[in-house]
Amino acid sequence: MRFGIHTIDDFEIAGKTVLCRVDINQPIDRKTGSLKDLTRIRGCLPTIRELSEKGAKLVLLAHQGGDLEYKNYYTTLPHAKVLGGLLGRDVGFIDDVTGPSARERIRSLRKEEILLLDNVRFVSEEMTLFETKLNLTPEEQSRTQVVAKLAPLADLYVCDAFAAAHRSQPSLVGFQEVLPSAMGRLFEEEFCVLSELMEDPARPCVFILGGAKIQDAFMMMSTVCGKGIADKVLTGGLVAHIMLLAKGLDIGKASADFIRSSNLAEFIPVAGGILEKFPDRIVLPSDLAFEEEGGRKELALKQLPCDALLADIGHETAAEYVRIIRESGTVFANGPVGIFEKEATGYGTRALWEAMASSGCRSVLGGGDSIAAANRYGVEKGISYICTGGGAMVRFLSGEELPVVKALRNAAKRSGHTGWKSQ
Ligand code: 3PG
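Note on numbering: residues in each chain are counted from 1, in written sequence order. Where local features are concerned, this predicted model is filtered to residues with pLDDT of at least 70; where side-chain atom pairs are given and counted, the filter is 80 or more; whole-chain, interface and lining totals use all residues. The basis for every side-chain value is the complete set of non-hydrogen atoms in the structure, without hydrogens or water.

Student: Just to check I follow, could you spell out the overall build of the chain for this structure?
Tutor: Helix and strand labels come from DSSP, where a helix needs a run of H or I of at least four residues and a strand needs a run of E of at least two; each type is numbered from the N terminus. A count of helical and extended segments in the chain gives 18 helices and 17 strands. Taking 2.2 N^0.38 as the reference for a compact globule, 423 residues should give roughly 22 Å; the C-alpha atoms of the chain span a radius of gyration of 22 Å, in line with that estimate. Principal axes of the C-alpha set define a box for the chain whose edges measure 65 × 45 × 40 Å. Classification of residues uses two cut-offs on accessible area relative to the type maximum, computed with a 1.4 Å probe and protein chains only: under 20% is buried, over 50% is exposed, and between them is partly exposed. Looking at the chain as a whole, 60% of its 423 residues qualify as buried. Looking at the chain alone, contacts between residues at least 24 apart form 75% of all its contacts between residues at least 6 apart. As defined in this context, the radius of gyration uses C-alpha atoms, and a globule is described by 2.2 Å times the residue total to the power 0.38. In what follows, a contact means two residues having at least one pair of non-hydrogen atoms within 4.5 Å.

Student: Got a minute to help me understand the site of the ligand in this structure?
Tutor: When we say a residue is near a molecule or strand, we mean one of its heavy atoms is within 4 Å of it. Near the ligand you find nine residues, and of these D23, N25, R121, R167 and K213 are the closest. Counting of polar contacts relies on pairs of N or O atoms within 3.5 Å, with two restrictions inside protein: one atom must be capable of donating a hydrogen and the other of accepting it, and residues adjacent in sequence are counted only when both atoms are side-chain atoms. Here an oxygen atom of the ligand sits 2.8 Å away from a polar atom, N or O, in the side chain of K213. In this description, accessible areas are obtained by the Shrake-Rupley approach with a 1.4 Å probe, and a residue is regarded as covered only by the protein chains that are shown. In isolation the ligand offers 310 Å² of accessible surface; the protein chains occlude 95% of this area. Side-chain classes are defined by residue name, with Ala, Val, Leu, Ile, Met, Phe, Trp, Tyr, Cys and Pro counting as nonpolar, Asp, Glu, Lys and Arg as charged, and the others, Gly among them, as polar. Residue classes in the shell around the ligand are distributed as two nonpolar, two polar and five charged.

Student: So what exactly am I meant to see when it comes to the pattern of salt bridges here?
Tutor: A side chain of one charge can pair with a side chain of the opposite charge if their charged atoms are brought near each other. We define a salt bridge as a contact between a side-chain nitrogen of Lys or Arg and a carboxyl oxygen of Asp or Glu at a distance within 4 Å. Under the counting rule described, the total for this entry stands at 22 salt bridges. Across the pair D9 and R185 runs a salt bridge whose closest N-O atoms are separated by 2.6 Å. Remark: R185 occurs in helix 9 (residues 185-199) and D9 occurs in the segment before strand 1 (17-21); sequence separation between them is 176 residues. Take R185: its relative accessible area is 18%, and that puts it in the buried class. Note that D23 and R40 form a salt bridge whose closest N and O atoms lie 3.6 Å from each other. Of the two residues, D23 sits in the loop between strand 1 and strand 2 (28-29) while R40 sits in helix 1 (residues 39-43), which places them 17 residues apart along the sequence. Each member of the pair D23 and R40 is classed as buried. Via salt bridges that share partners, R2, D9, E50, K54, R185 and E188 belong to a single interconnected network.

Student: I'm lost on the nonpolar core in this one. Help?
Tutor: Note that soluble globular proteins tend to have their nonpolar side chains buried in a common cluster. Ranked by internal contacts, the top residues of the largest apolar core, which has 84 residues, are F175, F187, F207, F218 and I282. For this core, the element with the most residues is helix 10 (residues 214-226), which contributes seven residues. Either an automatic procedure or a domain database provided the assignment from which the domain bounds are taken. Mapped onto the domain boundaries, this core takes at least three residues apiece from domain 1 (8-187 + 401-422) and domain 2 (203-360). Discounting chain neighbours no more than four positions away, the residues touching F175 are L19, L61, V146, V147, L150, A151, Y157, P170 and S181. Nonpolar cores were defined as sets of buried Ala, Val, Leu, Ile, Met, Phe, Trp, Tyr and Cys residues, with membership established by side-chain atoms within 4.5 Å.

Student: Looking at this structure, I do not really get the sheet that holds strand 6 (residues 114-117). What am I missing?
Tutor: For sheets, the rule is that strands pair by backbone hydrogen bonds, running either parallel or antiparallel. When DSSP finds two or more bridges between two strands, those strands count as paired. In spatial order, the strands read 5-6-4-1-7-8; together these six strands make up an open sheet with parallel pairing. Each having just a single partner strand, strand 5 (92-94) and strand 8 (181-183) make up the two edges of the open sheet. Going across the sheet, the axis of each strand differs from the next one's by a mean of 25°, ignoring polarity. Examined bridge by bridge, strand 5 and strand 6 share three bridges and lie parallel to one another. Along strand 6, the bridge assignment pairs I94 with L117. Between N-to-C directions, angles span 0 to 180 degrees; the directions come from axes that are lines fitted to C-alpha atoms, helices contributing only their stretch in contact. Packed onto the sheet, helix 4 (residues 100-107) meets strand 1, strand 4 (57-61), strand 5 and strand 6 and runs at close to 155° relative to strand 5.

Student: Explain the packing of aromatic side chains here, please?
Tutor: Two aromatic rings are characterised by how far apart their centres lie and by the angle between their planes. Two aromatic rings from Phe, Tyr or Trp, using only the six-membered ring of Trp, form a pair when their centres are within 6.5 Å; if the ring planes differ by under 30 degrees the pair is stacked, by over 60 it is edge-to-face, and anything between is tilted. Inspection of every chain in the model, using the stated rule, returns seven aromatic pairs. Here F191 and F396 contribute two aromatic rings whose centre-to-centre distance is 5.1 Å and whose plane-to-plane angle is 80°, an arrangement assigned as edge-to-face. Linking F191 in helix 9 with F396 in helix 17 (residues 391-397), this pair joins segments that are 205 residues apart in sequence. F396 shares its class with F191; the two are buried. Ring geometry for F218 versus F267: centroids 6.2 Å apart, planes at 20°, classification stacked. Of this pair, F218 sits in helix 10 while F267 sits in helix 13 (residues 267-277), and the two are 49 residues apart along the sequence.

Student: Would you mind going over the pairing of strand 10 (residues 232-235) with me for this structure?
Tutor: Regular strands show a simple pattern: their side chains alternate between the two faces of the sheet. Across four bridges, strand 9 (residues 205-209) lies against strand 10 in parallel orientation. Looking at the pairing, L209 lines up with T235 of strand 10. In terms of handedness, the path from strand 9 via helix 10 over to strand 10 forms a crossover that is right-handed. Summarising the sheet, strand 10 and strand 11 (residues 282-283) pair through two bridges and their orientation is parallel. By the bridge assignment for strand 11, L234 is matched with V283. Handedness of a crossover is defined as follows: orient the strands so they point away from the viewer, and if the path from the first strand over the helix to the second runs clockwise, the crossover is right-handed.

Student: Explanation requested: the domain arrangement of the chain in the structure shown.
Tutor: By a widespread convention, an interface's size corresponds to the accessible area lost as its parts come together. Taken as a whole, the chain is organised into domain 1 (8-187 + 401-422) and domain 2 (203-360). For domain 1 and domain 2, the distance between their C-alpha centres works out to 33 Å.

Student: For this particular structure, what's the right way to read the environment of A256?
Tutor: Among the secondary structure elements, A256 is positioned in helix 12 (residues 253-261). With a relative accessible area of 9%, A256 lands in the buried category. In this structure the C-alpha to C-alpha distance between A256 and L310, which are 54 residues apart in sequence, comes to 9.6 Å.

Student: Could you clarify how one ought to interpret the packing of helix 2 (residues 45-53) against helix 3 (residues 77-87) in this entry?
Tutor: Any two packed helices are characterised by the angle at which their axes cross and by the distance between the axes. One can describe the packing of helix 2 onto helix 3 by two numbers: an axis separation of 11 Å at closest approach and a directional angle of 70°. When the axes of helix 2 and helix 3 are compared, the pair comes out roughly perpendicular. Here L45, I48 and R49 of helix 2 lie close against helix 3, whose contacting residues are L83, L86 and L87. Residue composition of the contact of helix 2 with helix 3, grouped by class: five nonpolar, no polar and one charged. Just so you know how the angles are binned, under 35 degrees is roughly parallel, over 145 roughly antiparallel, 65 to 115 roughly perpendicular, and the rest oblique.

Structure, rendered in structure tokens:
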């Protein structure tokens, strides 16, 4: 046990059917199905390898999200191929999650065999929207399709999905109600490193919040400012555009329409509230950039509105953010500050990531796209710690007991008084 949670060491694995929830949600090229980054997949290899080598019949459960918030879920077939390549052995795949064919494949697994099920979020109960609208208790989650169909086939549930530990969804918090449960090795490592970091972050403590997960970004912003964890929050990308709209700026039709058509307009008043509450801590861009005919163009805020879609912070903003980073004790980054995948609009993210890597501050970067950007710019080695979790990392830092941590702790407590033994 560590942190009140069982580890793999507490269980006999040989011959057992183990359901292992991993987070291998990676930026993906939706046309070709190729994964643009493998960091999260590599991160869970130790757990997968260990469970399989110890003789588990191993069933992997995972989700693969889309490009903006929670749209466009994608199959996990490419992940099975990549996993097989990295492990140097076959990883089975079935395009089913809870149906009769998936259950039959699980029943026929042999010792050491590994099977990856299809995207668990193809099952509607796993959707984040479902999570926020219905707010089921873990006990209710244990009666959902995913848990009710799969748990009877398994002996042990292992959660290695630290990056999704802030989600309260059946595959993440439901199995702990009905199966002996443990955290995987990656989960254990992330928990340990972040707990140490949280104890006494060197000041000033700066957060860079960008990315496409807007609801998460604003929630994190209010928490880290409200709890006095962040001395400054540097904003970029859509987060900054929504904040500028909240300040009453006309950012231009293309960007405003994009925000409205992505159903993000509801965050404009949220952003306004945060700006009002923490005026000295939120830092907004002073200039912005967009792509035109393949090239980069910039404009100052006073030159707004912009006809084109805004897609990066400008040079002046980047220089100011870099200055703040260099004077910081700790920097946490979650979410790129522009469309970094494109040469014309990657400047801001690159400048900030390079500053994090080269300044003497303690730098921590988390989340699928942030990691992909770090790998793209070759700065991974200079970053003090790269966490597979983005939203999960920031919420963990805010001192909140994450739903998955709570469920694993409850399972460990329960194992004491219901007769479940760490076998
Ligand atoms: C992430 O990318 O932060 C995790 O995989 C969780 O994904 P989600 O934000 O789509 O729940």
